[in-house]
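Structural description and commentary
Now for the letters of each chain:
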Amino acid sequence: MHMKLGPVPVLVVSSAKLAKEVLKTQDSVFCSRPKLLGQQKLSYNCLDIAFSPYSDYWKEMRKVSVLHLFSLKKAQSFRPVREDEIGRMVAKIQALASSSDRVVVDLSEVVTDLATTLICRTAFGTRYDERGSERRRFDKLLRDGQAAMADFYVSDYYSWLSWVDKLSGKLARLDAAFKNLDLFYQELIDDRLDRNRRKTMEEEEQEEEDILDVLIGLKVHSSDLTWDHIKAMLMDIFVAGTDTSIASIIWTMTALIKAPDVMKKVEIRELIASNVK
Ligand code: HEM
C-alpha cells in the first residue's frame with residue numbers, strides 16, 4: 001500500500017515476498033531516507049553522507065571518507081587522544097568517588113563530557129575547558145542543532161499546513177540553529193586556513209592531520225566540492241559521533257552494572273587501571 005500524505009510518502013509492506021522485493025531486489029530504489037525538513041536544512045540540502053540520497057555522489061563521499069577519515073591508520077593516529085581522555089575521565093571518577101563528601105557520580109554527564117571532548121579533539125584539534133564559555137557554546141550549538149533536526153514538523157506530512165510550523169516558532173528555531181552552526185563551521189575553517197598560511201614547511205610535516213585538515217584538503221583538491229559540502233560533513237561528524245557513542249557507553253555500563261558476573265568477566269576495571277597510569 002502506498003500513501004502520499006505530503007512530501008513524505010508512506011509505504012506499508014505487509015508480506016514477506018514484498019519485504020524481500022523492497023529490502024533486497026529493489027534495495028537501491030528504496031534505501032534513501034525520506035527528505036525531512038530539519039535534516040535537509042542542517043545538512044545543506046543533503047550534501048553530507050548520512051542524509052544524501054543513494055547516488056553517485058553518496059558513493060563518492062563514502063569512498064573518500066573510508067579512505068581518508070575512517071581508515072585504520074587514521075583511527076590509530078587518534079589513539080593517544082583517546083587514551084589521554086579516558087585517563088582523565090577515570091581520574092575524575094576516582095577523585096569524585098574518594099572525596100570525603102561521597103558525591104554521586106553522574107555517569108551520563110561524565111560520558112557526555114568524554115564524547116564531546118573526543119569529537120572536538122579529533123575533528124578540530126581543540127580541547128575546550130569543560131566548564132569554559134567556548135565549550136558551553138559548542139554544547140549549546142550541538143543540543144539546539146540536534147533538537148531542531150529531530151523535531152516534528154507538520155509540513156513534512158502535510159505541506160499545506162506549513163504555516164503551523166511557522167506559527168509554533170519551530171521554523172524560526174530551525175533557522176537559528178542552522179545559522180549559528182554555519183557561523184561556527186565558518187569560524188573553524190577560517191581559523192584553520194589562517195593558521196595554515198602561517199605554518200612553516202617543517203611544522204606542516206610534523207603535525208598530525210585532524211578531520212578538519214582532511215576535509216579542507218579534499219575541498220582544496222576538488223573543484224566539485226564547495227564549503228557547504230565540507231560544513232555538511234562536519235555536521236555529520238558532530239551529530240553522528242556524539243549522541244551515538246554516549247548512548248552506547250551508558251547502555252553498556254547500565255547492562256554491566258545489572259550483571260555483576262559479566263562485569264567481572266570483562267575485567268573492565270583491570271583493563272582501564274593497567275592502561276591509565
Ligand atoms: C557507538 C557509536 C556509533 C553508533 C552506534 C553509530 C551508529 C550508526 C548507524 C546505526 C548508522 C546508520 C546506518 C544506516 O542507516 O545505514 C550510522 C551512520 C553514520 N555514522 Fe555512525 N555510529 C556511531 C559513531 C559514529 C561516529 C563516531 C561517527 C563520526 C565521527 C559516525 C558517523 C556516521 C556517518 C557519517 C554515518 C552515515 C553513513 C552513511 O549514510 O553511509 N558514527 N551510524
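Position numbers for residues count from 1 along each chain, tracking the sequence in the order it is written. Local features in this predicted model are restricted to residues whose pLDDT is 70 or higher, and side-chain atom pairs enter the listing and the counts only when it is 80 or higher, whereas totals over whole chains, interfaces and linings include all residues. In computing side-chain properties, one takes all heavy atoms of the structure into account and sets aside hydrogens as well as water.

Take S52: it is sitting in the loop between α3 (37-42) and α4 (56-69). Taking the relative accessible area as the measure of exposure, S52 reaches 7% and is therefore buried. A run of H or I in DSSP counts as a helix once it spans at least four residues, and a run of E counts as a strand once it spans at least two, with each numbered from the N terminus. Exposure classes here rest on a 1.4 Å probe applied to the protein chains alone. A residue is buried below 20% of its type maximum, exposed above 50%, and partly exposed in between.

Right, let's get into the confidence of the model for the protein chain. Predicted coordinates in regions of low pLDDT should not be interpreted in detail. On average, residues of the protein chain score 89 in pLDDT, and 92% of them are at 70 or above. Scored from 0 to 100, pLDDT reflects the predictor's confidence in each residue. Across the protein chain, element-level confidence peaks in α3 with a mean pLDDT of 96 and bottoms out in strand β1 (residues 2-4) with 55.

On to the nonpolar core, then. Buried Ala, Val, Leu, Ile, Met, Phe, Trp, Tyr and Cys residues form a nonpolar core when they are joined through side-chain atoms within 4.5 Å. Of all hydrophobic cores here, the largest spans 42 residues; its most connected members are F124, F138, F184, Y185, L215 and F238. Those elements that place two or more of their residues in this core are α4, α7 (107-124), α8 (133-150), α10 (170-198), α12 (211-221) and α13 (227-258). It is α10 that contributes the most residues to this core, eight residues altogether. Working rule for contacts: check all heavy atoms of both residues, and any pair within 4.5 Å makes them a contact. Setting aside anything within four residues of it in sequence, one finds F138 in contact with T116, C120, F124, Y128, F184 and F238.

Tracing the backbone through its elements, the reader meets R135 in helix α8. Residue R135 is classed as buried on the basis of its relative accessible area of 2%. With residues up to four places along the chain from it excluded, the contact list for R135 reads T112, D113, T116, T117, Y128, D129 and E130.

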